[in-house]
Amino acid sequence: MKIEANLRVYDVLAQAFMQENVRTCFALLGDANMNWAARLAQQGCRMIYVRHEHCALASAMAYARKNRDVAVATVTCGPGVTQLITALPAAVRAHLPLIVFAGEAPLKSGWYNQEIDQAPLITATGAAYHRLHLPERMPVAIRDAFLQARRERRPVVIGIPFDLQARPWEGPANLPKPSHELLPRPSPIPPHPDDLAKAAQLLAAAERVVVFAGLGAVEAGAGPACRALAAKTGGLLMTTLPARGLFHDDPFCIGIAGSYTPEAGLEYLKEADLVVAVGSSLAYHAGGGGQLWPKAKTLQIDVDPVAISQGQEVAKHHLRADARLGVEALTAALPARTKNWRTEAMAARIRDSKPDSMKFDIAPGLLDPRDVIEALEKSLPRDWEMVNSGGHCSWWYAQMPSRPQEKFLTLREFGAIGNGISFAMGVAAARPDQKVVLFDGDGSLMMHVQELETIKRHNLNILIVVINDGAYGSEVHKFRSEGLPDDGSVFGYCDFAAIARGFGVGGKTFKTLDALPKALSEVASSSAPAIWDFHVSDKVLSPSIRRAHPQPAKQK
Ligand SMILES: Cc1ncc(C[n+]2csc(CCOP(=O)(O)OP(=O)(O)O)c2C)c(N)n1
Ligand SMILES: [Mg+2]
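Here is what the cut-offs are and how they apply
Residues numbered from 1 in each chain as written. Chains lettered and ligands numbered in written order. Predicted model: local features only at pLDDT ≥ 70, side-chain atom pairs only at ≥ 80, totals over all residues. Heavy atoms only, no water. Buried < 20%, exposed > 50% of the residue type's maximum accessible area, 1.4 Å probe, protein only. Helix = DSSP H or I, 4+ residues; strand = E, 2+ residues; numbered from the N terminus. Pairing = 2+ DSSP bridges. Axes fitted to C-alpha atoms, helices over the stretch in contact; angles between N-to-C directions. Donors = N, O, S within 2.8 Å, 3.2 Å for Na, K, Ca; no water. Salt bridge = Lys/Arg side-chain N within 4 Å of Asp/Glu carboxyl O. Patch = residues over 30% accessible without salt bridge, like charges linked within 9 Å, V, L, I, M, F, W, Y side chains within 5 Å. Areas by Shrake-Rupley, 256 points an atom, 1.4 Å probe, with all protein chains shown as cover. 1 Å grid on protein atoms, 1.4 Å probe; cavity = no way out; pocket = protein on both sides within 12 Å on 5 of 7 lines; lining within 4 Å. Points joined across faces, edges and corners; volume = space filled by probe spheres on them. Nonpolar A, V, L, I, M, F, W, Y, C, P; charged D, E, K, R; others polar. Near = heavy atom within 4 Å. Polar contact = N/O pair within 3.5 Å; in protein donor to acceptor, adjacent residues only side chain to side chain. Disulfide = S-S within 2.5 Å.

Novice: Explanation requested: the pairing of strand S11 (residues 297–302) in the structure shown.
Specialist: Every other side chain in a regular strand lies on the same face of the sheet, so the side chains alternate between the two faces. Counting buried positions along S11 gives 5 out of 6 residues, so the element sits mostly inside the fold. Here strand S10 (residues 274–278) runs beside S11; their pairing, made up of 5 bridges, is parallel. Looking at S11, one finds that Val 275 is bridged to Thr 298. As paired elements, S11 and strand S14 (residues 317–320) share 4 bridges and run parallel to each other. Bridging across to S14, Ile 301 finds its partner in Leu 319.

In structure tokens, the structure reads:
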């Protein structure tokens, strides 16, 4: 692509980004990125101007996951960059390809108040940092950053001093070829026959098989192959949290593995004698810290199989292959089914039983979060996009089994609260024609509640469902389990409906579920953002908290 005469460096940098097919950018402006960003916007890039830099990057994370491609955010130098430090490790751990255009302090001045050594901050998170200090090479370096983000599937932060950005362009007359024209497109890896024979032996000897799919299975399109393997072995299916929904309409899917497994699934897993993990890194929580399938061997089918994952020995048996090719070959190598764990009664139990049947005393005027989620699961349209946040309440909204994988977004790899609102913005930007429903806790939402203004200004079609227990529920239950005072984690039920209205967003408080049908028809007929604030009891404990933090016999 030809570069016109009389341009500044920031003009050319904006062109280099447009050439990389960047059409959405999450931004918060300052001296060191604003001129570049203005030019990017002028060239037709949709800019989503957020109110905190963390939220720019967190929104880009969700956008990248949803579109399965690089997403772009931009921040100014110094304080703009330091705001990124919670989102970056999460993006690194979630293997998300991201580019951050960050400014750097000007090189020409001996002192600049926003100057800080940005590189070690960024690299400490696991992201890559590139200083671009030679204007004529910057377009090539940008192209290479896009190649790196895609190949390594991690964030790459580009730091460019803003005095260099303002110089007249004196570099080459053409932009380099963009990254997407250069990227290798390797074919999926088939399994080796020796590995396949061993894996087939393992399966032939097993009587109670669970096929367990992670995001690698989703990305490889291995869902149908996993169903076929489970059917041929008469076994069950389950997924990791990020892959939830992959088998949503299969009667033998027992749900999400790990902390979120429903009651029936936990019982079946205890009986399993072989878990076939497909496209999953077997992260600590997905296997319940090694407790979830105590009698079963684990066979891992993955392009990059591991023995130890997150400090635990997870699989002794491995089949290195693309998830779909590996599972298809394994299914083909098995003899016709001779054993069958499946029964009609199992299917009925999986379909009809409550995910958690424990009884709790709930004060009048408060809701059981399980009833809230059950009602929403039944009534929210199936094509709405679902975004999950963290916190104790995440157990409840993990129990929505009737929706397909492509309708969920879950990013939980760094365990930080406060990201839900940004993730919802990223999904809304990636799916502008769809309603996006965010499920969040009151504490998490409060952490970046300023983004309601962004949502309103950009008219993002987001419904926020707050599971409001008036507290940091996770901490409350841990304190009570320890017999410690719960001060510092109980705040009372703040009025999110009023807060929303202050930002020009519609808000409703629910202390019963009676008004839900009417509220739903209002929200369904409008693309305006809204908050539904469900006041739930803090006396309802999730199964994972009950396991990890048993409560004293008499609670406060
Ligand atoms: C950035 C960050 N700060 C603090 C924590 C510790 N933490 C984990 S869960 C939680 C409470 C979240 O409260 P809320 O969103 O209301 O959900 P709840 O647990 O009440 O359901 C906190 C403070 C964290 N995980 N991340
Ligand atoms: Mg809470």
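Having seen the model, we can carry on.
Novice: How do you make sense of the sheet that holds strand S3 (residues 71–75) when you look at a structure like this?
Specialist: Working definition: the strands of a sheet are paired by backbone hydrogen bonds and lie parallel or antiparallel to each other. Across the sheet, which stays open at both edges, the 6 strands sit in the order S2-S1-S3-S4-S6-S5 with parallel pairing between neighbours. Edge positions in the open sheet fall to strand S2 (46–49) and strand S5 (128–131), since each of these has one partner strand only. Between one strand and the next, the sheet's axes are offset by a mean angle of 25°, whatever the strand orientation. Pairing geometry for S5 and strand S6 (residues 155–161), over 4 bridges, is parallel.

Novice: I keep staring at the coordination of the magnesium ion (ligand 2) and nothing clicks. Help me out?
Specialist: Ideal geometry at a metal centre: 109.5 degrees between donors when four sit tetrahedrally, and 90 or 180 degrees when six sit octahedrally. Protein-derived ligands of the magnesium ion (ligand 2) are Asp 442 (OD), Asp 469 (OD) and Ala 471 (O), with the metal-ligand distances lying across 2.0 to 2.2 Å. Taking relative accessible area as the criterion, Asp 442 reaches 7% and is therefore assigned buried. Exposure remark for Asp 469: the relative accessible area of 11% places this residue in the buried category.

Novice: Before we go on, may I ask you to explain the sheet that holds S10 in this structure?
Specialist: Spatial ordering of the open sheet is given by S9-S8-S7-S10-S11-S14, a layout of 6 strands whose pairing is parallel. Looking along the sheet, the strands with just one partner apiece sit at the ends: strand S9 (253–256) and S14. For this sheet, the mean inter-axis angle between neighbouring strands, taken without regard to orientation, is 20°.

Novice: What am I meant to see in the pattern of salt bridges here?
Specialist: Side chains bearing opposite charge may pair, as long as their charged atoms lie close to each other. Within the structure shown, the criterion is met by 28 salt bridges. As a salt-bridge pair, Glu 152 and Arg 154 come within 2.7 Å of each other at their nearest N and O atoms. Glu 152 sits in the partly exposed class, given a relative accessible area of 35%. What makes Arg 154 partly exposed here is its relative accessible area of 22%. A cluster of three or more residues bridged by salt bridges with shared partners is formed by Lys 66, Glu 385, Lys 407 and Arg 431.

Novice: Could you clarify how one ought to interpret a nonpolar patch on the surface in this entry?
Specialist: Taken together, Ile 417, Met 447, Tyr 472 and Phe 491 make up a surface patch of nonpolar side chains, about 360 Å² in accessible area. Along the chain, the position of Met 447 falls in helix H18 (residues 442–447). Exposure remark for Met 447: the relative accessible area of 42% places this residue in the partly exposed category.

Novice: How should empty space enclosed by the protein be read in this particular structure?
Specialist: In this approach a probe as big as a water molecule rolls over the atoms, and the regions it shows empty are the leftover space. Applying the stated criterion across every chain, the model contains 4 cavities of 30 Å³ or more. Lining the largest cavity we find Pro 369, His 392, Cys 393, Trp 396, Ile 467, Asp 469, His 477, Val 536, Ser 537, Asp 538 and Val 540. Among the residues forming the lining of the largest cavity, the class breakdown is 6 nonpolar, 3 polar and 2 charged. A volume near 40 Å³ is recorded for the second largest cavity.

Novice: Just to check I follow, could you spell out the site of ligand 1 for this structure?
Specialist: Around ligand 1 lies a shell of 16 residues, among which His 392, Asp 442, Gly 443, Ser 444 and Gly 473 are the nearest. Measuring from an oxygen atom of ligand 1, one finds a backbone N or O atom of Gly 443 at 2.7 Å. Asp 469 places a side-chain nitrogen or oxygen 3.1 Å from an oxygen atom of ligand 1. Taken by itself ligand 1 offers 580 Å² of open surface, and the protein chains cover 78% of this. Split by residue class, the shell around ligand 1 holds 5 nonpolar, 8 polar and 3 charged.

Novice: Sorry if this is basic, but what is going on with the state of the cysteines here?
Specialist: When the sulfur atoms of two cysteines share a covalent bond, that bond is a disulfide. Under the criterion given, the structure shown has 0 disulfides. Cys 77 carries a free sulfur, and the closest cysteine sulfur to it, the one in Cys 25, is 16 Å from it. Of all cysteine sulfurs, the one in Cys 494 lies closest to Cys 393, which takes part in no disulfide; the gap is 13 Å.

Novice: Would you explain helix H17 (residues 420–430) in this entry?
Specialist: Along an α-helix, residues three or four positions apart point the same way, because every turn accommodates 3.6 residues. Among the 11 residues that make up H17, 11 are buried, leaving the element largely enclosed by the rest of the structure. For H17, the full list of buried residues reads Gly 420, Ile 421, Ser 422, Phe 423, Ala 424, Met 425, Gly 426, Val 427, Ala 428, Ala 429 and Ala 430.

Novice: Please explain unusual backbone geometry as it appears in this structure.
Specialist: If a residue is not glycine, its phi is most likely negative; likewise, a peptide bond is most likely trans. Even without a glycine there, the phi angle at His 95 is positive, about 55°. Relative to the elements of secondary structure, His 95 occurs in the loop between helix H5 (87–93) and strand S4 (98–104). We classify His 95 as partly exposed; its relative accessible area is 47%. Backbone geometry places Gln 310, a non-glycine residue, at a positive phi of 45°. By the element assignment, Gln 310 lies in the loop between strand S12 (308–309) and strand S13 (312–313).

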